[in-house]
Amino acid sequence: MVRVTFVTHEGARKTVEAAEGDSVMATAIANGLDEVIGECGGSMMCATCHCYVDEAWADKIPAPSGMEKDMLECVLEPQENSRLSCQINVTDE
Ligand code: FES
């Protein structure tokens, strides 16, 4: 089992167990993190799963696809480390 730590806008940290292959978005929702909505179910249509990936982990996940980059242009307060959490799958790494 892999552990993922979420940090809310208020700075609260919540570390949860995640199944390999599940998306970070699905992991957040399954663990009651209300900040992640995932309205489109992971089809890159809503950006309600926007998150910031900690710099320590940025190079451990694949780069965003062109379609994800396009969607990230629509999010509020985009940053260099902005990602759609529905497009990040949990792996051992
Ligand atoms: Fe809709 Fe990620 S859940 S874009």
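Our subject is the structure listed above.
The structure reproduced in this document is the subject of the present report. (Residues numbered from 1 in each chain as written. Predicted model: local features only at pLDDT ≥ 70, side-chain atom pairs only at ≥ 80, totals over all residues. Heavy atoms only, no water.)

What about the environment of Val-90?
Now for step 1: The residue Val-90 is located in the segment after strand S4 (82–84) in this model.
Now for step 2: Counting along the chain gives 64 residues from Val-90 to Ala-26, while the straight-line C-alpha distance between them is 10.0 Å.
Now for step 3: Apart from residues no more than four positions distant in its own chain, Val-90 is found in contact with Val-2, Val-4, Ala-18, Ala-19, Glu-20, Gly-21, Asp-22, Ser-23, Val-24 and Thr-27. (Helix = DSSP H or I, 4+ residues; strand = E, 2+ residues; numbered from the N terminus. Contact = heavy atoms within 4.5 Å.)

Concerning the pattern of salt bridges
Now for step 1: Applying the stated criterion to the full structure yields one salt bridge.
Now for step 2: Across the salt bridge formed by Arg-83 and Glu-68, the nearest N and O atoms sit 2.8 Å from each other. You can see Arg-83 sitting in strand S4 and its partner Glu-68 sitting in helix H2 (residues 66–72), a full 15 residues away along the chain. (Salt bridge = Lys/Arg side-chain N within 4 Å of Asp/Glu carboxyl O.)

Notes on the side chain of Asn-81
Now for step 1: Relative to the helices and strands, Asn-81 resides in the loop between H2 and S4.
Now for step 2: Excluding residues that lie within four positions of it along the chain, Asn-81 makes contacts with Cys-51, Tyr-52, Val-53 and Glu-55.

Some words on the nonpolar core
Now for step 1: Counting residues in each nonpolar core, the largest one holds 22 residues, and the members touching the most others are Phe-6, Cys-49, Leu-84 and Val-90.
Now for step 2: For this core, the elements supplying multiple residues, two or more each, are strand S1 (2–7), strand S2 (13–18), helix H1 (24–30) and H2. (Core = buried A, V, L, I, M, F, W, Y, C linked by side-chain atoms within 4.5 Å. Buried < 20%, exposed > 50% of the residue type's maximum accessible area, 1.4 Å probe, protein only.)

A short note on the pairing of S1
Residues in a regular strand project their side chains so that they alternate between the two faces of the sheet.
Now for step 1: Alternating positions in S1 separate cleanly, Val-2, Val-4 and Phe-6 being buried on one face and Arg-3, Thr-5 and Val-7 remaining unburied on the opposite face.
Now for step 2: Here S1 pairs with S2 via six bridges, running antiparallel. The residue bridging Arg-3 from the neighbouring strand is Glu-17, located in S2.
Now for step 3: Linking S1 back to S2 in an antiparallel pair, the connection comprises five residues, with Gly-11 at a positive phi of about 95°. (Pairing = 2+ DSSP bridges.)

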